[in-house]
Protein chains: 2
Amino acid sequence: MSDDAPTRQRLLREAMRLFGELGYAATSIAMIEQAAGLSPGSGSLYKHFASKQELLSAGLDQLLQGTPELTARLEQTSSRALPRRRADAEAALNAIMVETARAGLARLDQDRDLNRLLFRGLEAFPQLMARFRDEELRRAQDATAALLAGLAEQGSRRISRGQNARGQNLRSKDANGGHEADWDAVAVVFVGAIAHYWLLRDVFGEHPSGIDEDRHVDAIARVAVAALLR
Amino acid sequence: MSDDAPTRQRLLREAMRLFGELGYAATSIAMIEQAAGLSPGSGSLYKHFASKQELLSAGLDQLLQGTPELTARLEQTSSRALPRRRADAEAALNAIMVETARAGLARLDQDRDLNRLLFRGLEAFPQLMARFRDEELRRAQDATAALLAGLAEQGSRRISRGQNARGQNLRSKDANGGHEADWDAVAVVFVGAIAHYWLLRDVFGEHPSGIDEDRHVDAIARVAVAALLR
DNA sequence: CCAACCGGCAAGTAATCACTTGCTGAGGCA
DNA sequence: TGCCTCAGCAAGTGATTACTTGCCGGTTGG
């Protein structure tokens, strides 16, 4: 299990895994040392990290660096062109949403420790939580909103005012007539649905409802397509 | 803050609050005693509970007892009749979904400690997690699925086969022709979206996206209506 | 009026916690 | 060879942990 990677890397990896599984407070230095192949109880960990907090911080740093792939993947997906015929476009939309939902779940799996950490160790460290929020959550959120807005614009084939430059703050949902969709908010809905499905499945082993990934992804896609086609 | 309620009740309440805020492992017996108005460090808590684990178990028991209101509320909502005219029906559907989403958020707020506990203390106690899953999550899930199925049936005004008796296991999504919606899975999507919005807002103070409750509820309702109207 | 009980407190217990100190042996370099 | 560096370890440090023991004042019931 613990290979011949440099000791510091093994410590970081095992620490993040244990923090994610047991929580920061419930994970002892000795456990981390043992998991990394060092003698438990010896202070050997402190040859590499000054404190438990610094270990957490360094671990979060490393996890947050392998991150900005989903963004690229989503933006790549959103640049696709849809077929002209309505039925074909609907099928293509469905395929895109299925693919996106699966990409989201895969990314959550890949960053399993990082996502677990948010609820099992970060709550006492506001600055680390802020980093997670800005470098992980907001990116996924924005990329998804951009994808949805792009698909909706392409689907409805009508030029929206102002080139639809959705930047940071479009707080006014009443300003746009009250009939255009609030894709930022809709993105929160879908990202939240996927993230929560993943979270519950991670916590319980399988989702409490018994619904498997295929059914959930299909439901997400179907609902999203319904929303996109007005 | 700590009133004149019986000591056992104060201990339970403060313990659940602290477990939810700090996590089970990071909350000490002394902290709970102090929060309940007892002398911290004295073992006075042990006059009422045999161990820290029993305290957690008893607290979860109590929290799970104040629970089955949302179910009733949802079932009450779902029994309403929709207007006949399509435009009116759409507005009524939207209102129902807004109301339901708000009820869900209110219930999450009301059971704040209980919901926090799932991620910050229960992971080491599988049997307590199982109780939470069966007595809290599945109920909300089933009630929401029943609401959606009822609304869809009413909206499409066509009798589905078999009186639509959706009980525990309708695993087969291919058996229904592939075109009828999987309302159990759709319910997971919406319940997950609401729960995750609440969770992130609870963890960060406000939702990382900056989207407020009104916008989110509106988005949920709009998407749900789109899904319900095919 | 007395005895039994009970809830709270002070002061423990042993274990565990994060972290430190001093040593050791291996590796690099002169 | 001689010396320095350094990762790792054993054995500590004091603080904190969950939990226990013995005592006490108040209430209650006979």
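Only a predicted model underlies this, so the values are computations on that prediction, with no experimental measurement involved. (Residues numbered from 1 in each chain as written. Chains lettered and ligands numbered in written order. Predicted model: local features only at pLDDT ≥ 70, side-chain atom pairs only at ≥ 80, totals over all residues. Heavy atoms only, no water.)

The figure often quoted for interface size is the accessible area lost as the parts come together. All names here are of chain A. One can read the domain layout of chain A as domain 1 (7-63) and domain 2 (66-228). Contacts between domain 1 and domain 2 engage 14 residues on the former and 13 residues on the latter. Buried area between domain 1 and domain 2, both sides added, is near 1,300 Å², and the carbon and sulfur share of it is 63%. Run the count over domain 1 and domain 2 and you get one salt bridge. Residue Asp61 pairs with Arg131 through a salt bridge whose shortest N-O separation is 2.2 Å. Scanning the region where domain 1 abuts domain 2 turns up four residue pairs in polar contact (both at pLDDT 80 or more). For the side of domain 1 that touches domain 2, the secondary-structure elements that each account for two or more residues are α1 (7-22) and α3 (52-65). (Domains from an automatic or database assignment. Contact = heavy atoms within 4.5 Å. Buried area = accessible area lost by both parts, 1.4 Å probe. Salt bridge = Lys/Arg side-chain N within 4 Å of Asp/Glu carboxyl O. Polar contact = N/O pair within 3.5 Å; in protein donor to acceptor, adjacent residues only side chain to side chain. Helix = DSSP H or I, 4+ residues; strand = E, 2+ residues; numbered from the N terminus.)

Moving on, we get to the protein's contact with DNA strand D. Neighbouring DNA strand D are 17 residues, the closest being Thr7, Ser39, Lys47 and His48 of chain A together with Lys52 of chain B. Take the atoms of DNA strand D that sit within 4 Å of the protein: sugar and phosphate atoms are 57% of them. Separating a phosphate oxygen of DNA strand D from a side-chain N or O atom of Thr7 of chain A is a distance of 2.8 Å. At 2.7 Å, a side-chain N or O of His48 of chain A approaches a phosphate oxygen of DNA strand D. Its residues assigned to classes, the surface near DNA strand D comprises three nonpolar, twelve polar and two charged. (Near = heavy atom within 4 Å. Nonpolar A, V, L, I, M, F, W, Y, C, P; charged D, E, K, R; others polar.)

Moving on, we come to the relation of the copies chain A and chain B. Here chain A sits on chain B after a turn of 180° about the axis and a move of 0.0 Å along it, with an RMSD of 0.1 Å. Such a combination of turn and shift is consistent with a two-fold rotation axis. Among all residues of chain A, the one whose C-alpha sits closest to the rotation axis is Ala193 of chain A, at a distance of 2.1 Å. A share of 98% of interface residues in chain A that are also interface residues in chain B marks the association as one of identical surfaces. (Least-squares fit on C-alpha atoms with pLDDT ≥ 70 in both.)

Glancing now at the interface of chain A and chain B. Contact residues are listed per partner, giving 51 residues for chain A and 50 residues for chain B. Counting the surface lost from both chain A and chain B, the interface buries some 4,400 Å², and carbon and sulfur atoms represent 69% of this. When residues of chain A are sorted by the area they lose upon contact with chain B, Phe119, Phe204 and Arg215 of chain A head the list and together hold 16% of the total. At the junction of chain A with chain B, the criterion picks out four salt bridges.

Counting buried positions along helix α6 (residues 112-119) of chain A gives seven out of eight residues, so the element sits mostly inside the fold. By the burial criterion, the buried members of α6 of chain A are Asp113, Leu114, Asn115, Arg116, Leu117, Leu118 and Phe119 of chain A. (Buried < 20%, exposed > 50% of the residue type's maximum accessible area, 1.4 Å probe, protein only.)

As a rule of thumb, soluble globular proteins bury nonpolar side chains together. Counting 130 residues, the largest nonpolar core has Phe19 and Leu56 of chain A together with Phe19, Leu56 and Leu118 of chain B as the members making the most contacts within it. With near-sequence residues (within four places) excluded, Phe19 of chain A lies in contact with Tyr24, Thr27, Ile32, Lys52, Leu55, Leu56, Leu117 and Arg120 of chain A. (Core = buried A, V, L, I, M, F, W, Y, C linked by side-chain atoms within 4.5 Å.)

What follows concerns the packing of helix α8 (residues 183-204) of chain A against helix α9 (residues 213-228) of chain A. Residues and elements named next belong to chain A. Running from N to C, α8 and α9 cross one another at 175°; their axes reach a closest spacing of 12 Å. Overall, the two elements α8 and α9 adopt an arrangement that is roughly antiparallel. Along its contact with α8, which presents Trp183, Phe190, Ala193, Ile194, Tyr197 and Arg201, the element α9 presents Glu213, His216, Ile220, Val223, Ala224, Ala227 and Leu228. Classifying every residue of the contact of α8 with α9 gives ten nonpolar, one polar and two charged. (Axes fitted to C-alpha atoms, helices over the stretch in contact; angles between N-to-C directions. Parallel < 35°, antiparallel > 145°, perpendicular 65-115°, else oblique.)

Now for the side chain of Arg107 of chain A. Looking at the secondary structure, you find Arg107 of chain A in helix α5 (residues 86-110). Here Glu136 of chain A takes part through its side chain, which lies 3.4 Å from a polar atom of the side chain of Arg107 of chain A.

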